[in-house]
Every structure is written in C-alpha cells, then in structure tokens.
Amino acid sequence: MPPPRRGGGRTWQVLIGGAAALVLLALCGLTAATLLDGRTLIGQQAAPSAAPDTTRGTVPAEASDLDSRDTDQAPLTAREVFPASTLAVGDGENGYEVLRTQSSASCAVAATGEVSDLLVRLGCNQVVRATLRAPDGDHLVTTGLFNLTDRSSAERARDRIRQLLDERQGRFRGMSAGDGTEVVATAPARVGWQVRGHYIAYAVVARTDGATIRSGDTGVREILFDMLEQHLNQGVLERRAEGGTASQPTEEPADDTGSQDESTED
C-alpha cells in the first residue's frame, strides 16, 4: 500500500482515525489503527453511537506566530478557510464541491459530550468547518479548524481527546448539508485530526451510501490527507503563518443559525 503523497507539514502532529480518529469495530467496541510514515494513524469506526480513538503524532512542532492567539489575533472566517465553491487540492484535476460552510463562536456545534466540554474548557472560542463532496462522488467529508488559546492548550486537548474517544465519551460531528448528506453525521466514518499552533484540524469521511468503510481504503486515506495536510495545513494555516492575517484582529464571528446535523448522539 503506497503512502499518501507528502508535502510540507513538518510542524503538524497528525492523528487520523475513525469518526474522530480511529476505528471502532462495530458492536465490539474494539479499536484498531495502522501507523503510516511514522506520524499518522488511520482507523475506522461504527456509526454515531460508537466513539473513536487516536494516537499522538511524533513530529515536533516549531515555534511560530500561530502558537498563540496573542500573536495570531485575527479570527478565522469561512471565506479564508473555504474561499470558493470548489476546493482544488494539490495537483488534482478535479476539485471538492463545497456544499455548506459554517463559522461559529460555539465550538460545541462541532463535537459532542466530553470532547465538546474539553474544547470549551481549554479556550476554544471558534470553529470554522464545511461539508464537501469528494471528487469521486462517493464520499462526503466534514472538515475544519478549532481555534484554541495556544499551542499548549491544543496539544492538551489532542492528548485528552484520544482517551475520551476510546472511552466513548464524545466525538467530532459531521455536518449535514441538505438532502442526501445526512450520512456524514450518522453513518460509519473515518476521522482524522492534527495540531498546528493553537489550532486543531479535523476531518470526518463517510460514504454517500452509508456503507462501512473498509480498513485500508486508500481513497479515504487520500481524502483525509487532502483535507488535513494539503488544504488546512499547507494552504490555510501556512498562508496565515506567512503573514496574511496573523496580527490583524477583526470582529468576532457570529454564530451560524443553520440547521445542525441529524446525529442522534449527544
């Protein structure tokens, strides 16, 4: 199985797994993961009543202006993170169709249970996310960024989230974007997340037919890599670190008032 394509991302600590980062084997509650390139874990999980798990990456982070909201004061915006209706990633010929975006000052809209409580407790004051249709037409992905106080808070959240997911104490939410997209919030999914500076990025991938995703599915692994590494890291956050918006405070974003996903788990 060839590793996913690489590029940049040396400051990221990556976690990839089933509906928030690992795979919970349906009905059993067991977890399993595959280690890739020394820092990335991939897994899968059952539908919302089960919770995921993940393992910390090993790549050390470098100090940067993104390490704290004191030096990176401008809130994220949906336009900054998802600037167009089609998201071109890497050298791919086909783009991801952006179905819905959301910028909210309530991080609780994008997580459940103790995962949500933890993010708020550690200073999360914003989440920007979107649901997209993958170029193959067979997968949906909800992906975005949580804005925490500083890198230490983000790393503490990352480490604690792994345990909470293992213990089924919460999960990351997929976001419904209209008819035919509810599966991203309710179906068996694969999830990844990673940390850069004071941000936690995450991605939830589900099949449009709601079927369980096979372990070792290289197409899904590619989607996770596209979202977390290619787009959010090398695109959005690298551009911000290079001086686009890091020291220009603006007004806090307003809560999105659209409907939330249809997941039955809270």
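The coordinates are above.
Bear in mind the structure is a predicted one, so any value in this text is a computation, not a measurement.

Chemist: Can you walk me through the pattern of salt bridges in this structure?
Modeler: Side-chain pairs of opposite charge can arise where the charged atoms are in close proximity. Considering all chains together, one arrives at 9 salt bridges under this definition. Between Glu155 and Arg151 there is a salt bridge, with the nearest N and O atoms lying 3.8 Å from each other. With Glu155 and Arg151 both in helix H3 (residues 151–166), this residue pair falls 4 residues apart, about one helical turn. Between Asp159 and Arg158 there is a salt bridge, and its shortest N-O distance comes to 2.9 Å. Linked by salt bridges that have partners in common, Asp67, Arg151 and Glu155 make up one network.

Chemist: Is there a simple way to think about the pairing of strand S11 (residues 199–207) in this case?
Modeler: Along any regular strand, the residues point their side chains to alternate faces of the sheet. When you tally the buried positions in S11, you get 8 out of 9 residues, the bulk of the element. Inspection of the sheet shows strand S9 (residues 139–147) paired to S11 by 9 bridges, in the antiparallel sense. Bridge assignment links Leu140 to a residue of S11, and that residue is Ala206. Pairing between strand S10 (residues 190–196) and S11: 7 bridges, direction antiparallel. Note that in S11 the partner of Gln194 across the bridge is Ala201. Between S10 and S11, which follow one another and run antiparallel, lie 2 residues, and Gly197 among them has a positive phi close to 55 degrees.

Chemist: Would you explain unusual backbone geometry in this entry?
Modeler: The general pattern is negative phi for most residues beyond glycine and trans for most peptide bonds. In the Ramachandran plot, Arg168 falls in the positive-phi region, its phi being about 55 degrees despite a non-glycine side chain. Here Arg168 shows up in the loop between H3 and helix H4 (183–186). When its relative accessible area of 38% is taken as the criterion, Arg168 is described as partly exposed.

Chemist: It is not clear to me how the nonpolar core should be interpreted in this structure. Could you clarify?
Modeler: Across soluble globular proteins, you tend to see nonpolar side chains buried next to one another. The biggest cluster of nonpolar side chains holds 30 residues, and the ones touching the most others in it are Leu119, Phe146, Ile161, Phe172 and Ile200. At the level of secondary structure, the elements contributing two or more residues to this core comprise helix H2 (113–121), S9, H3, H4, S10 and S11. It is H3 that provides the largest number of residues to this core, a total of 5 residues. Sequence-distant contacts of Phe146, defined by excluding residues within four places in its chain, comprise Cys107, Ala110, Leu119, Cys124, Gln126, Val127, Phe172, His198, Tyr199, Ile200 and Tyr202. Counting residues in each nonpolar core, the second largest holds 28 residues, with Ala78, Val220, Ile223 and Leu224 among its members.

Chemist: When you look at the packing of aromatic side chains in this model, what are you seeing that I'm missing?
Modeler: Each aromatic ring pair is summarised here by two numbers: the centre-to-centre distance and the angle between the ring planes. Scanning the model with the defined rule gives 4 aromatic pairs in all. Each ring, one from Phe146 and one from Phe172, has its centre 5.9 Å from the other, and the planes form 35 degrees; the classification is tilted. Highlighted residues: Phe146 in strand S9 and Phe172 in the loop between H3 and H4, separated in sequence by 26 residues. The buried category is assigned to Phe146, whose relative accessible area is 0%. We classify Phe172 as buried; its relative accessible area is 1%. Centroid distance Phe172 to Tyr202: 5.1 Å. Interplanar angle 20 degrees. Geometry classified as stacked.

Calculation criteria
Residues numbered from 1 in each chain as written. Predicted model: local features only at pLDDT ≥ 70, side-chain atom pairs only at ≥ 80, totals over all residues. Heavy atoms only, no water. Salt bridge = Lys/Arg side-chain N within 4 Å of Asp/Glu carboxyl O. Helix = DSSP H or I, 4+ residues; strand = E, 2+ residues; numbered from the N terminus. Buried < 20%, exposed > 50% of the residue type's maximum accessible area, 1.4 Å probe, protein only. Pairing = 2+ DSSP bridges. Core = buried A, V, L, I, M, F, W, Y, C linked by side-chain atoms within 4.5 Å. Contact = heavy atoms within 4.5 Å. Phe/Tyr/Trp six-rings, centres within 6.5 Å; stacked < 30°, edge-to-face > 60°.

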